[in-house]
Amino acid sequence: MALVLSSLKGSFLPEETLNQIQDQKKTKCKPKYPCGECGKAVKRNKDVILRAHLNDSFFSHDEQEVDTYFTADLSAAEKEQEDIRQLRVNYNKQCIIANLNINSLPNKIVEIQDWLLLNAINILSVQETKIDRSFPNSQFHVDGYNLFRRDRTKGGGGVAVYIRDNIVASLKKQRGNLLESVMFDLRIGQRYFVLISAYKPPYVDNTTFTSELTLLLDEAFRTSEKVICIGDLNCDIINPLHNNQQGKCLLSICDIYDLDSLITSPT
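Not measured: the values here are computed from a predicted model.

Caption draft 1: The arrangement of the packing of aromatic side chains in detail. Scanning the entire structure with this criterion turns up three aromatic pairs. Note on phenylalanine 221 and tyrosine 257: the rings are 5.8 Å apart at their centroids and 15° apart in plane angle, and the pair reads as stacked. In this pair, phenylalanine 221 is assigned in helix 4 (residues 206–223) and tyrosine 257 in helix 5 (residues 246–257), connecting sequence segments 36 residues apart. For tyrosine 257, a relative accessible area of 16% puts it in the buried group. The lysine or arginine in question, arginine 164, covers the ring of tyrosine 145, its NZ or CZ lying 5.2 Å from the ring centre. Taking the ring centre of phenylalanine 209 as reference, the NZ or CZ of lysine 200 above it sits at 5.5 Å.

Below, the structure is given as structure tokens:
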């Protein structure tokens, strides 16, 4: 019978005996509640959580009492970027203008940089930046873009616009008070137009909104017949009679200035 050196110092055991000991150890060490993904032990009422960040992923056994198996689509971020790239493919010769309520620019700046560095978006307008003058422009810099901003106070409101540095943009005089906005004269090639980026806080009433938006539009149309107004105006134009008829108020303004709404579904 062959002899095999075991982990027991100074002992020599028959191969058959050693195999029995190893089988016993394997049985003893096998977790009662193994993780279905990595095989490690988990508590009876715990499950594995899949966490993902772009192409990297790892498994973690949650320390809280959880019964649900959570998964994150590893391709979600990649798909988002691919969608943005596809915009440029589909509209290769057009100026692409995007708008987003960012709900805190400092917390989303990495995503903003990732999107813009794809070189697909010409102009990005964002609302509720929630920054003030204590935040330097360098904190939000993106190569190839100029940043224009109008801050309120830290923790609320604010608008900002990223414009590619090959677009001639002239920031116009600030108008309005409660309707937070920035307005530009833009030239792209031989095309001239005015761009307004605006945010209307929910507490602004219809009278104030009408007064301040018409002030902006009057100024814009004195410069150009081509005006684009984008932003978060907190007006439901799909159900215009809801919420104190704020949607109806905006539609009335559009009728006065012969503006067409490009929004046809909830955003």
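Moving on, there is more to tell.
Caption draft 2: Main features of unusual backbone geometry. Even without a glycine there, the phi angle at asparagine 119 is positive, about 60°. Within the element layout of this structure, asparagine 119 appears in the loop between helix 3 (105–116) and strand 6 (123–127). Overall, asparagine 119 belongs to the partly exposed group, its relative accessible area being 46%.

Caption draft 3: Highlighting the environment of serine 197. Position of serine 197 relative to the elements: it lies in strand 11 (residues 191–199). Look at serine 197 and you get buried, because its relative accessible area is 0%. Each C-alpha atom of the pair serine 197 and valine 126 lies 8.0 Å from the other, and the pair is 71 residues apart in sequence. For serine 197, the side chain forms a polar contact with the side chain of serine 125, separated by 2.6 Å.

Caption draft 4: Here's a closer look at the sheet that holds strand 5 (residues 97–101). Read from one edge of the open sheet, four strands run 5-6-8-7, paired in mixed fashion. The outermost strands of the open sheet, each flanked by one partner alone, are strand 5 and strand 7 (145–150). The mean angle between the axes of side-by-side strands here comes to 15°, regardless of whether they run parallel or antiparallel. Here strand 6 runs beside strand 8 (residues 159–164); their pairing, made up of five bridges, is antiparallel. Following the sheet pairing, isoleucine 123 is matched in strand 8 by isoleucine 163. In this fold helix 3 packs onto strand 5, strand 6, strand 7 and strand 8, with an angle of close to 20° to the strand it touches most, strand 8.

Rules of the game
- Residues numbered from 1 in each chain as written.
- Predicted model: local features only at pLDDT ≥ 70, side-chain atom pairs only at ≥ 80, totals over all residues.
- Heavy atoms only, no water.
- Phe/Tyr/Trp six-rings, centres within 6.5 Å; stacked < 30°, edge-to-face > 60°.
- Helix = DSSP H or I, 4+ residues; strand = E, 2+ residues; numbered from the N terminus.
- Buried < 20%, exposed > 50% of the residue type's maximum accessible area, 1.4 Å probe, protein only.
- Lys NZ or Arg CZ within 6 Å of the ring centre and 35° of its normal.
- Polar contact = N/O pair within 3.5 Å; in protein donor to acceptor, adjacent residues only side chain to side chain.
- Pairing = 2+ DSSP bridges.
- Axes fitted to C-alpha atoms, helices over the stretch in contact; angles between N-to-C directions.
- Contact = heavy atoms within 4.5 Å.

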